[in-house]
Amino acid sequence: MRRVERRDAVRALVVGAGYCAMPRAYAASGRVIPIGVTAVFPEDEVGLLHTWKEWLEERLQRPIEFVTRSSYREISDLIRAGQLDFAWICGYPYVRYKSELRLVAVPVWKGKPLYRSYIIAPVEDIRPQRILDLRGHVFAFSDPDSNSGHLYPCYALIREEQDPDAFFSRTFYTWAHRLVVRAVGEGVAQAGAVDGYVYELVASLQPRLVARTRVVERSPLFGHTPMVARRDIDPQEEAAFFAALAAMTDDPRGRELLRAMQLDGFVRGNVALYDSIEGMMHADEQFRARKMAARP
Amino acid sequence: MSAFRFPRFFPQLSLRYKIPLRVTLLVLLVALSVTVAIVLRQANQAREDLDRYSSSLARALANTLQPYLRHDDVWRAYEIIRSAIEDAGATSSGSPPVIVTDATGMIFVSSKPREFPVGASLASIGPDFAYFTSLHRPDATAESAGIGPEGSDRLFYAAPIKADTVRLGDVVLVSSRSALWPRYVEILKQASAVTVLALALLLPASWFWARRTATPLVSLASAMRKVPARLDDISEDTLADEGDEIGELTRTFRSMLADLKNKRELENQVVASERLAAIGRLAAGIAHEINNPLGGMLNAISTYRKHGSNDPLVNRTLALLERGLTQIRASVGALLVETRLSDRPLTREDFDDVLLLVAPQVDRKGGAIDRDVRVDFPLPLPAGQVRQILINLLLNAANAIEPGGRIGLVVELPDPVLRIRVHNSGRHIPEEKLQYLFEPFTLAAGEGSGLGLWVVYQIVKQLGGSLSVDSKPDSTFFAVELPLDSTVTQLPHGQQEHERASAAVLD
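Residues numbered from 1 in each chain as written. Chains lettered and ligands numbered in written order. Predicted model: local features only at pLDDT ≥ 70, side-chain atom pairs only at ≥ 80, totals over all residues.

### Brief notes about the overall build of chain A
Stage number 1. A count of helical and extended segments in chain A gives 12 helices and 13 strands.
Stage number 2. Taking all 296 residues of chain A together, 48% fall into the buried category.
Stage number 3. At a minimum sequence separation of 6, the contacts of chain A that also span at least 24 residues come to 81%. (Helix = DSSP H or I, 4+ residues; strand = E, 2+ residues; numbered from the N terminus. Buried ≥ 20, exposed ≤ 12 C-beta atoms within 10 Å, placed from the backbone. Contact = placed C-beta atoms within 7 Å.)

### Description of the overall build of chain B
Stage number 1. Across its full length, chain B carries 11 helices and 10 strands.
Stage number 2. Taken over 507 residues, chain B has a buried fraction of 25%.
Stage number 3. By sequence separation, contacts in chain B at least 24 residues apart represent 65% of the contacts at least 6 residues apart.

### Points about the pairing of strand 1 (residues 33-37) of chain A
Two faces belong to every sheet, and in a regular strand the side chains alternate between them.
Residues and elements named next belong to chain A.
Stage number 1. As judged from the five bridges shared by strand 1 and strand 2 (residues 64-68), these two strands associate in the parallel manner. The partner of I35 across the bridge, within strand 2, is F66.
Stage number 2. As defined by bridge partners, strand 1 adjoins strand 3 (residues 86-88) across three bridges and the pair is classed as parallel. Looking at strand 3, one finds that V37 is bridged to W88. (Pairing = 2+ DSSP bridges.)

### Here's the deal with the interface of chain B and chain A
Stage number 1. Every contact between the two is made by nine residues of chain B and, on the other side, 12 residues of chain A.
Stage number 2. With three residues, the single largest contributor to the side of chain B that touches chain A is helix 2 (residues 74-89) of chain B.
Stage number 3. Within the side of chain B that touches chain A, the residues separate by chemical class into seven nonpolar, one polar and one charged. (Nonpolar A, V, L, I, M, F, W, Y, C, P; charged D, E, K, R; others polar.)

### A short note on the sheet that holds strand 2 of chain A
All names here are of chain A.
Stage number 1. A sheet is described by the order of its strands in space; here six strands give the open sequence 2-1-3-12-4-13, paired in mixed fashion. Each edge of the open sheet carries a strand with a single partner, namely strand 2 and strand 13 (265-267). Neighbour-to-neighbour, the strand axes of the sheet open up by a mean angle of 25°, direction not taken into account.
Stage number 2. As defined by bridge partners, strand 4 (residues 101-108) adjoins strand 12 (residues 227-230) across four bridges and the pair is classed as antiparallel. Across the sheet, R102 pairs through a bridge with A229, a residue of strand 12.
Stage number 3. Seen against the sheet, helix 2 (residues 46-60) touches strand 1 and strand 2 and runs at an angle of roughly 145° to strand 2.
Stage number 4. Across the sheet, helix 3 (residues 72-80) touches strand 1, strand 2, strand 3, strand 4 and strand 12, and the angle it forms with strand 1 is around 150°. (Axes fitted to C-alpha atoms, helices over the stretch in contact; angles between N-to-C directions.)

### Let's talk about the confidence of the model for chain A
Stage number 1. The predicted model of chain A averages 88 in pLDDT, with 90% of residues at 70 or higher.
Stage number 2. Low confidence marks residues 1-28 of chain A, where pLDDT is under 50. Its contacts with residues over four positions away, or in another chain, come to 31 contacts. (pLDDT = per-residue confidence, 0-100.)

### Some points on the sheet that holds strand 10 (residues 213-218) of chain A
All names here are of chain A.
Stage number 1. The five strands are arranged 8-7-9-6-10 in an open sheet whose pairing can be described as mixed. Looking at strand neighbours, the two that pair on one side only are strand 8 (170-173) and strand 10, the edges of this open sheet. With strand direction ignored, the average angle separating the axes of adjacent strands in the sheet is 30°.
Stage number 2. Pairing of strand 6 (residues 117-122) with strand 9 (residues 191-195) involves four bridges; the strand directions are antiparallel.

### Some thoughts on the pairing of strand 3 (residues 144-147) of chain B
Residue and element names in this part refer to chain B.
Stage number 1. Sheet topology places strand 3 next to strand 4 (residues 154-163); three bridges connect them, and they run antiparallel. Its bridge partner being in strand 4, A145 is matched across the sheet by Y157.
Stage number 2. In this structure, the hairpin formed by strand 3 and strand 4 is closed by a connection of six residues, where G151 is found at a positive phi of approximately 80°.

### Digging into the confidence of the model for chain B
Residues and elements named next belong to chain B.
Stage number 1. Taken as a whole, chain B shows an average pLDDT of 81; of its residues, 90% reach a score of 70 or greater.
Stage number 2. Confidence, read as mean pLDDT per element, is least for helix 11 (residues 495-506) in chain B (39) and greatest for strand 2 (residues 107-110) (93).
Stage number 3. Predicted confidence is poor over residues 490-507, with pLDDT under 50, and the contacts of this stretch with residues over four places away or in other chains come to 22 contacts.
Stage number 4. This prediction of the complex comes with two scores: 0.62 for pTM and 0.83 for ipTM.

### Structural notes on helix 4 (residues 181-225) of chain B
Stage number 1. Of all the bends in helix 4 of chain B, the greatest, near 30°, is centred on B:A214, and the proline B:P216 appears no more than four residues after it.
Stage number 2. Buried residues belonging to helix 4 of chain B abut helix 1 (15-70) and helix 5 (245-307) of chain B. (Bend = angle between axes of the 7 residues up to and from the residue.)

### Considerations on unusual backbone geometry
Stage number 1. In the segment running from B:F377 into B:P378, the intervening peptide bond is cis, with an omega of -5°.
Stage number 2. Within the element layout of this structure, B:P378 appears in the loop between strand 6 (368-373) and helix 8 (383-400).
Stage number 3. Positive phi is not limited to glycine here, since A:W175 has a value of about 70°.
Stage number 4. Structurally, the position occupied by A:W175 is in the loop between strand 8 and helix 7 (177-185).
Stage number 5. Its 23 C-beta neighbours within 10 Å are what place A:W175 among the buried residues.
Stage number 6. Located in the positive-phi region is A:Q262, a residue other than glycine, with phi close to 60°.
Stage number 7. Classification of A:Q262 by C-beta neighbours within 10 Å gives partly exposed; the count is 16.

Here's what the structure looks like:
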């Protein structure tokens, strides 16, 4: 059932966009632009990504390639190594490698370039009201480099003077936000941390999956997952890519895509958007440094 | 050994039902045991299949999961076991839970995390699990296949997850015995269908065969029940005549039946001839008692005629007395058959004379005599006696034939006897009269004196011959056999011959 839902959604999108019989006039004109995509977007939505790719290729008159890897770290490493031109990553790796990356665009969700982290639990577990109620639970993080799926819940515990390494009975990573939803929904974990944007996108694409979970706590707003470029990107290419992203709202098919992605568009972001994430990162680092120092 | 007695059911029941019932019972037993054997074999097979499948799944999962256990990657391990049982789960009702434990027996991950939560101790899940963990050896080579506590539905299969020789944990498959039930039921259904089909073919065939086996015995028994009272009711056609033991029994029974009939015949004959002898003795005694005074009375009448008065009334009365006494003497003589033995041998003329004598009687009925005399004359037999036999038999035949009927006379000489056969068409002698046929006055219903056959019988006896009769509707046969007697021609007249005749009658 889950598959059918998704396939139907993709088919509706593809047909709606009218791309099926479109000639590809830009073919072979220029170098392929490699663009990394992390689990900040449910990258297993292959049909949606493919439609977006075709739209961008037509817009840029360049072939592009969406590169996906199994963890944030791999994408971060690839773009830092210059093997990707652009990447859609999380705010946490962005602030960590800010000096090596250029902020290109920030998605607009619910009218703002901001999003939240959600702490979720199985729908039948009605007791916990906040992350502090989850002591001794098996907890699913999405990715060690995720803000919403790892940094924020750790920070939330550190802020409450809890040791995130000891607070839960067991933790594991699912390496994708959507899989955190599954892990909690199927009971592998008794709670988890997930990107609020992804959670709500998945809720519309795979309602059954999300229906088995409930949100225990919503985090404060953070800068949304940034689209970044490698430091040494050609400014013209960066400008063209930003223009293409920004132009999605001007185009019917672009708007159709944005609706499917549940975004309002892409805007030129401000580095200051990510200050709060940077603050959490420092708090986390200090906590770990203190912990190291306390060790005999 | 001897103390054991096989219980007998329905000892009164006829073999007609007993044999088919036994055969049916045997067929049912065989079918049932074959079915049970097949079902047990198949059920064993099903269990072996489950063991093999579960063990190999556990081993395959253990190999695949090893790196994820090493990297502490709960989620990927979970995805692997989920996809493994989703692939396989369609085969049985509900996929068996797969549990991955770490080296300390804690659940690393399981396919049903709500039942077997991550981080819980496997032994703490329930008594079955504690039983399993107590049995499963914690080393890198230990595999467990299908162990589970008695009375529990659960079966455990375990394969160690090992890196080199280090055991990182186990893959534990929890299968259920009851998961096999649908397959058992299916096996049972199939086996039952085959059994019913086989029975549908076998039962009528075996019933038919058993009935065939029983039938000869049953008809033999029913024939035997009629012995000895109703021998003639036994129809021997219903008795089987095959080469087996029943056939042997039937043949023995038949020969016994024949013996019985012969015996009865003989007894009848003995009874009849004894009766005839008694009658003969009685008649001879009476004849002597009567003949003595009779002779005296006749002598007295004769004397009176010679010397007495010539009174006409007396003479008339004496004549009346003399006729009466003479008739008495004739009747007694006939009863005694006190015939004189002929002094001469039998010639062809004797036959001609007799035929001439009976011709008027035959002609009156419009009948005819077919004569077949194939002997050379003269024969050493007393002619007078043979003539008397012939006359009596032919006259009887002439009486018996319907108008226009035929009489046959056959005379043969199968040395050393003369055989005379008289055959006639027409009324036959009823069965109940045959056995008294040769007694005096048996057939004296209107025609004749009733002494003819009695006379024939007496003469034949005197001559040492035999007499037989066979009477069927429309056909009656009398046969007389007389031994040739070489003394006849040398017989002198007179005393000797008279003595012989008397002796024969008195004998």
